[in-house]
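Descriptive structure summary
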Amino acid sequence: MIRLLLAGAGLAALAAPAVLAARASAPNPLLPPWTGPYGGVPPFDKVTVDGFKPALEAAMAEQLAEVDKIAADPAPATFENTLAALERSGRALDRVATIFGVYSSTMSTPDFQKVEEEMAPKLAAFADQITQNEKLFKRIAAVDAARDAAGLTPEQKRLAWLDYTNFVRAGAKLDPAAKKRLSEINQRLAALYTKFSQNLLADEADYVLYLDEADLAGLPDSERSAAAAAAEQRGQKGRWAVLNTRSSMEPFLTYSGRRDLREKVWRMYYGRGDHGDAHDNNAIITEILRLRAERAKLLGYQTHAHWRLENSMAGTPERALQLMEAVWKPAVARVREEVADMQAIADKEGAKIKIEPWDYRYYAEKVRKAKYDLDQNEVKPYLQLEKLREGMFWVAGQLFGFTFTPVEGVPVYQADMRVYKVTDPSGRLVGLWYFDPYARPGKNSGAWMNAYRSQERFDGEVTTIVSNNTNFVRGKPGEPILISWDDATALFHEFGHALHGLNSSVSYPSLSGTNVVRDYVEFPSQLLERWLSTPEVLNRFALHYQTGKPIPPEQVRKIEQASTFNQGFATVEYLASALVDMKLHLAGDRTIDPDAFPCPPRPTPDSSG
Ligand SMILES: [Zn+2]
């Protein structure tokens with residue numbers, strides 16, 4: 001496959017194992033086709049960090065040999081001898097890069113980070129070596145030009161268009177000097193992206209706020225017990241730790257009655273990568289923007305934004321901006337109303353404050369109680385992580401006929417992970433779903449879906465392997481994990497991405513599952529997350545962790561009534577980032593100081609949230 005390192009893995013037998021054999025004095029367990037049940041599974045039990053570099057190098061050499069063979073084929077280019085052959089190539093690299101990616105996002109130890117820093121630029125250079133292979137590009141262009149006359153299936157035509165377009169967008173038509181510069185830029189960018197995420201991860205791990213008993217005012221029991229466990233894990237038994245991740249920051253800012261500590265936690269989280277220390281990302285952002293602008297110009301685009309959006313549904317930065325600006329004004333107006341509600345409560349309490357960003361979640365919660373009589377702490381006991389997981393499985397059964405069954409003995413990279421097989425009503429294996437639920441050092445913040453192996457069938461059916469990754473903070477052993485309504489929504493959302501992957505039914509892996517344009521991929525997940533709030537799911541799975549009773553209908557009604565509550569903040573929070581990002585990338589090749597860059601107008605002088 002020539003998607004290279006974006007996502008996915010294939011499972012056909014290696015076409016050219018000669019390269020492997022040549023250096024196989026001690027076989028690298030990451031290279032061979034995955035073995036075991038379910039069409040083979042990732043060998044997480046055999047991974048060593050030392051093994052990544054030799055495995056990636058051998059796999060890159062193998063794919064280069066495969067690609068050279070395709071490019072040098074004396075027969076005229078056809079779909080089969082060029083594009084299908086490319087889909088068949090790079091299987092070993094897909095496998096190794098998949099596990100490499102899993103480590104990068106979930107097991108990023110200092111040892112691994114060293115390997116990543118070394119390999120990221122090499123992988124970028126390798127990708128350019130393929131897209132800059134002129135003989136290969138001529139063959140791809142020939143297949144694409146003849147796609148209507150060649151009797152191809154619609155799917156094959158799509159792949160021809162996609163391969164051709166991707167090669168052109170990656171610089172296949174440039175002259176040799178421009179190609180050389182492009183590859184230098186890509187290698188430098190790969191190094192900068194790696195450093196950027198490692199800095200972020202470092203700030204999430206290094207900045208921890210330790211609390212003593214007197215600092216706990218307002219925190220509910222579930223947060224206290226999670227914070228106590230987090231402190232104990234860090235050798236501070238008897239204290240409480242607020243971690244610098246979203247799942248730790250959000251409940252703290254929502255409940256802590258200590259305004260001074262709220263400000264500390266807010267600054268710690270929103271200042272990630274901006275502390276002026278060894279992990280500061282400002283200079284990295286400046287350089288990334290400069291290189292992206294230069295690359296866009298080399299490729300014949302006005303700006304990076306124009307290049308990036310060309311193959312999306314929005315199509316142009318102008319259109320994307322239009323969409324965002326249409327939402328911006330009403331969202332800001334709504335935030336003003338929300339802040340006024342908060343200020344009124346603060347004034348009534350005699351707090352003598354002006355609402356600041358670190359007050360936002362705290363007073364939003366008070367407004368929610370006052371206006372909708374909805375207390376998140378009364379909802380939380382009904383939102384047990386494992387019950388909700390059962391609820392997601394039930395939804396997948398209702399909608400797609402899928403059955404999820406836990407399986408044992410499949411290797412995992414963390415002992416607390418679980419693996420489920422997914423079957424359809426005829427009992428046919430649809431794929432595997434891996435669940436990695438808990439926060440830990442070295443794991444990215446937030447929640448996401450990953451594809452370990454993409455579905456395909458052109459050389460025989462290959463089933464999907466996907467994972468969902470979340471950062472729930474573990475409480476005491478044996479206690480159910482209670483999560484917030486927002487986290488429950490995120491859980492269903494990411495599971496929606498997993499279902500998108502599991503529902504894939506295509507011939508070629510480059511077209512499978514979530515390999516769709518970036519601004520389409522959120523559609524299935526946003527649709528599927530909505531099943532959480534249905535009475536069908538809540539009555540069955542939102543069960544009180546002590547009584548087992550379903551969430552009372554009046555609570556559900558309150559949740560529904562409050563469903564548009566705080567949407568001004570939620571919308572402005574993501575839209576402000578999106579607008580700044582767009583403007584940074586439309587600014588062209590001038591030097592940008594991220595701290596000084598003009599921001600969109602703030603909703604009010606004191607309430608950016
Ligand atoms: Zn999503």
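Computed from a prediction, not measured in an experiment: that's the story for all the values here.

This part covers the coordination of the zinc ion. Donor atoms from the polypeptide that bind the zinc ion are His493 (NE2), His497 (NE2) and Glu522 (OE), placed at 2.0 to 2.1 Å. All donors to the zinc ion come from one chain, and their sequence spacing reads H-x3-H-x24-E. With His493 and His497 both in helix H18 (residues 485-502), this residue pair falls four residues apart, about one helical turn. Taking relative accessible area as the criterion, His493 reaches 12% and is therefore assigned buried. Here His497 falls in the buried class, since its relative accessible area comes to 7%.

Most often, soluble globular proteins keep nonpolar side chains buried together rather than apart. Phe404, Trp433, Ile483 and Phe495 are the most contacted members of the largest nonpolar core, which has 70 residues in total. Examining the composition of this core, we find that eleven residues originate from one element, helix H14 (residues 317-348), more than from any other. If near-sequence neighbours (up to four positions away) are discounted, Phe404 is found in contact with Phe393, Ala396, Tyr420, Lys421, Val422, Trp433, Phe495, Leu499 and Leu502. Counting residues in each nonpolar core, the second largest holds 58 residues, with Met107, Val115, Val143 and Met417 among its members.

Next up on the list: helix H11 (residues 259-270). Helix length check: H11, at twelve residues, gives a terminal C-alpha distance of 16 Å against a target of 16 Å (1.5 Å per residue), a fit within 8%. Along H11, the residues classified as buried are Leu261, Arg262, Val265, Trp266, Met268 and Tyr269. The buried residues of H11 occupy one face: seen down the axis, they fall within an arc of 165°. Close packing links the buried residues of H11 with strand E1 (209-211), strand E2 (240-242), helix H10 (246-255) and helix H15 (360-372).

Once that is clear, we can look at the packing of helix H2 (residues 49-71) against helix H6 (residues 134-145). Two elements in contact, H2 and H6, have axes separated by 8 Å at closest approach and are oriented at 55°. Taken together, the axes of H2 and H6 lie oblique to each other. Two packed elements cross with a definite hand, and for H2 against H6 that hand is left-handed. Residues Val67, Ile70 and Ala71 of H2 pack against Lys135, Leu136 and Arg139 of H6. The class makeup of the residues in the contact of H2 with H6 is four nonpolar, no polar and two charged.

Here the focus is the confidence of the model for the protein chain. It should be kept in mind that the predicted coordinates are not to be read in detail where pLDDT is low. Taken residue by residue, the protein chain gives an average pLDDT of 91. The fraction at 70 or more is 94%. The model gives residues 2-24 a pLDDT under 50, and that stretch makes 61 contacts with residues more than four places away or in other chains. Low pLDDT, under 50, characterises residues 600-609; the stretch is placed with 26 contacts to residues that sit more than four places away or in other chains.

All right, on to the packing of helix H4 (residues 91-106) against helix H5 (residues 110-131) then. One can describe the packing of H4 onto H5 by two numbers: an axis separation of 12 Å at closest approach and a directional angle of 140°. Between H4 and H5, the interaxial angle falls into the category oblique. Crossing of H4 against H5: the hand is left-handed. When H4 is examined against H5, the residues Leu93, Phe100, Tyr103 and Ser104 are found in contact with a partner set consisting of Phe112, Val115, Glu116, Met119, Leu123 and Phe126. In the contact of H4 with H5, the residues fall into eight nonpolar, one polar and one charged.

Pairs of aromatic rings are described using the distance from one ring centre to the other and the angle between the two planes. In this structure the tally under the stated criterion is 31 aromatic pairs. Aromatic side chains Phe52 and Phe100 sit 5.4 Å apart centroid to centroid with 65° between the ring planes, which places their arrangement in the edge-to-face category. You can see Phe52 sitting in helix H2 and its partner Phe100 sitting in helix H4, a full 48 residues away along the chain. For the ring pair Phe52 and Phe112, a centre distance of 5.5 Å and an interplane angle of 80° mean the geometry is edge-to-face.

What follows deals with the pattern of salt bridges. Evaluated as defined, the whole model comprises 43 salt bridges. Notably, a salt bridge pairs Asp215 with Arg258, separated by 3.0 Å at the nearest N-O pair. Remark: Arg258 occurs in the loop between H10 and H11 and Asp215 occurs in the loop between E1 and helix H9 (221-233); sequence separation between them is 43 residues. Judged by relative accessible area, Asp215 falls into the buried class, the value being 14%. The partner of Glu250 in a salt bridge is Arg361, with the nearest N and O atoms 3.3 Å apart. Placement of Glu250 in helix H10 and of Arg361 in helix H15 is noted, with a sequence separation of 111 residues between them. With relative accessibility at 22%, the residue Glu250 sits in the partly exposed group.

The next subject is the side chain of Asp424. Looking at the element boundaries, Asp424 is found in the loop between strand E4 (418-423) and strand E5 (429-438). Within the local environment of Asp424, its side chain forms a polar contact with the side chain of Ser426, the two groups lying 2.7 Å apart. Setting aside anything within four residues of it in sequence, one finds Asp424 in contact with Gly401 and Val430.

Let us now look at the sheet that holds strand E7 (residues 464-472). Spatially, five strands are ordered E3-E4-E5-E7-E6 in an open sheet, and the strand pairing comes out mixed. Lying at the two open borders of the sheet, with one neighbouring strand each, are strand E3 (403-407) and strand E6 (448-453). With direction set aside, neighbouring strand axes in the sheet form an average angle of 25°. Judged from the seven bridges that link them, E5 and E7 form a sheet pairing that is parallel. Directly across from Tyr438, in E7, lies its bridge partner Phe472. Together, E3, E4, E5, E6 and E7 form the strand contacts of H18, whose direction differs from that of E7 by roughly 170°.

Calculation rules
- Residues numbered from 1 in each chain as written.
- Predicted model: local features only at pLDDT ≥ 70, side-chain atom pairs only at ≥ 80, totals over all residues.
- Heavy atoms only, no water.
- Donors = N, O, S within 2.8 Å, 3.2 Å for Na, K, Ca; no water.
- Helix = DSSP H or I, 4+ residues; strand = E, 2+ residues; numbered from the N terminus.
- Buried < 20%, exposed > 50% of the residue type's maximum accessible area, 1.4 Å probe, protein only.
- Core = buried A, V, L, I, M, F, W, Y, C linked by side-chain atoms within 4.5 Å.
- Contact = heavy atoms within 4.5 Å.
- Expected span 1.5 Å × (residues − 1).
- Arc of directions from axis to C-beta.
- Axes fitted to C-alpha atoms, helices over the stretch in contact; angles between N-to-C directions.
- Parallel < 35°, antiparallel > 145°, perpendicular 65-115°, else oblique.
- Left-handed = near helix turned anticlockwise from the far one by under 90°.
- Nonpolar A, V, L, I, M, F, W, Y, C, P; charged D, E, K, R; others polar.
- pLDDT = per-residue confidence, 0-100.
- Phe/Tyr/Trp six-rings, centres within 6.5 Å; stacked < 30°, edge-to-face > 60°.
- Salt bridge = Lys/Arg side-chain N within 4 Å of Asp/Glu carboxyl O.
- Polar contact = N/O pair within 3.5 Å; in protein donor to acceptor, adjacent residues only side chain to side chain.
- Pairing = 2+ DSSP bridges.

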